[in-house]
Amino acid sequence: NLHIASTTPAFRMEDTDGGFAQFDASNGSLSIQADQGGAVASSYIRFQIDSTERMRIDSSGNVGIGTSSPSAPLTITTGPAGDTCAIFKNAGGFGLKVTPQVGGSGAVTEIGLGGGESLSFAPNNSEAMRIDSSGNVGIGATPTTRRLTVKDSTPHISILANVNTQDCFLDFGD
């Protein structure tokens, strides 16, 4: 056991290559530092449980969960196809579940919601489309009892199967 009694306690470990790790505590906050001076290239902070790496923060600031080589700001890797990789919930229990590649070959990534919830797409913080819990879709409008409801300020709707050849062109408007 190590106990440091101070108003700003710190614990520092150095290696022979000039790298170090440091733990600082101040005002209820904890700071973990790895290779602050940049003495060792590609430093990282690794979290292991039961001898298995579970999470890593690399020198680029990328976080990997289930992988030792994160390639984006957050990379989550799970087991086989169909395993849920992320669940986002609020205190009320409402949330979003992401399950990549459900169903093997030709698979689809599933984005699931709890019972009775809708999925909203809101670019620029303004809802543009919603899929309700019945699977009804509203674009520019709240979904009704119809499978697809489209509302726009201009009286023009186009459905194109192939823009280049204009096969299967349906146009309501001017």
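Above this note sits the structure.
What you see is a predicted model; the values in this text were computed from it and never measured. (Residues numbered from 1 in each chain as written. Predicted model: local features only at pLDDT ≥ 70, side-chain atom pairs only at ≥ 80, totals over all residues. Heavy atoms only, no water.)

## Comments concerning a nonpolar patch on the surface
Thinking step 1. A grouping of Phe11, Met13, Phe23, Leu30 and Ile32 is seen on the molecular surface, where their side chains present a nonpolar patch of about 440 Å² in accessible area.
Thinking step 2. Elements supplying a minimum of two residues to the nonpolar patch: strand S1 (10–14) and strand S3 (29–34).
Thinking step 3. Checked against the element boundaries, methionine 13 lands in strand S1.
Thinking step 4. Classification of methionine 13 as partly exposed rests on a relative accessible area of 39%. (Patch = residues over 30% accessible without salt bridge, like charges linked within 9 Å, V, L, I, M, F, W, Y side chains within 5 Å. Areas by Shrake-Rupley, 256 points an atom, 1.4 Å probe, with all protein chains shown as cover. Salt bridge = Lys/Arg side-chain N within 4 Å of Asp/Glu carboxyl O. Helix = DSSP H or I, 4+ residues; strand = E, 2+ residues; numbered from the N terminus. Buried < 20%, exposed > 50% of the residue type's maximum accessible area, 1.4 Å probe, protein only.)

## Regarding the layout of surface pockets
Thinking step 1. There is about 230 Å³ of room inside the largest pocket.
Thinking step 2. Of all elements in the fold, only strand S2 (20–26), S3 and strand S4 (44–49) reach the threshold of two or more residues within the lining of the largest pocket.
Thinking step 3. Of the residues assigned to the lining of the largest pocket, the class counts are eight nonpolar, four polar and one charged. (1 Å grid on protein atoms, 1.4 Å probe; cavity = no way out; pocket = protein on both sides within 12 Å on 5 of 7 lines; lining within 4 Å. Points joined across faces, edges and corners; volume = space filled by probe spheres on them. Nonpolar A, V, L, I, M, F, W, Y, C, P; charged D, E, K, R; others polar.)

## Some details on the packing of aromatic side chains
Thinking step 1. Taken as a whole and judged by the stated rule, the model has zero aromatic pairs.
Thinking step 2. A cation sits over an aromatic face here: arginine 56 above tyrosine 44, 3.7 Å from the ring centre. (Phe/Tyr/Trp six-rings, centres within 6.5 Å; stacked < 30°, edge-to-face > 60°. Lys NZ or Arg CZ within 6 Å of the ring centre and 35° of its normal.)

## Here we look at the sheet that holds strand S14 (residues 148–150)
Thinking step 1. With mixed pairing, four strands are arranged side by side in an open sheet as S11-S12-S13-S14. Each edge of the sheet is formed by a strand with only one pairing partner; in this case those strands are strand S11 (119–121) and S14. Each neighbouring strand pair of the sheet contributes to a mean axis angle of 10°, computed without reference to strand direction.
Thinking step 2. Pairing analysis gives three bridges linking S11 to strand S12 (residues 129–131), with the strands arranged antiparallel. Bridged to phenylalanine 121 within S12 is methionine 129. (Pairing = 2+ DSSP bridges. Axes fitted to C-alpha atoms, helices over the stretch in contact; angles between N-to-C directions.)

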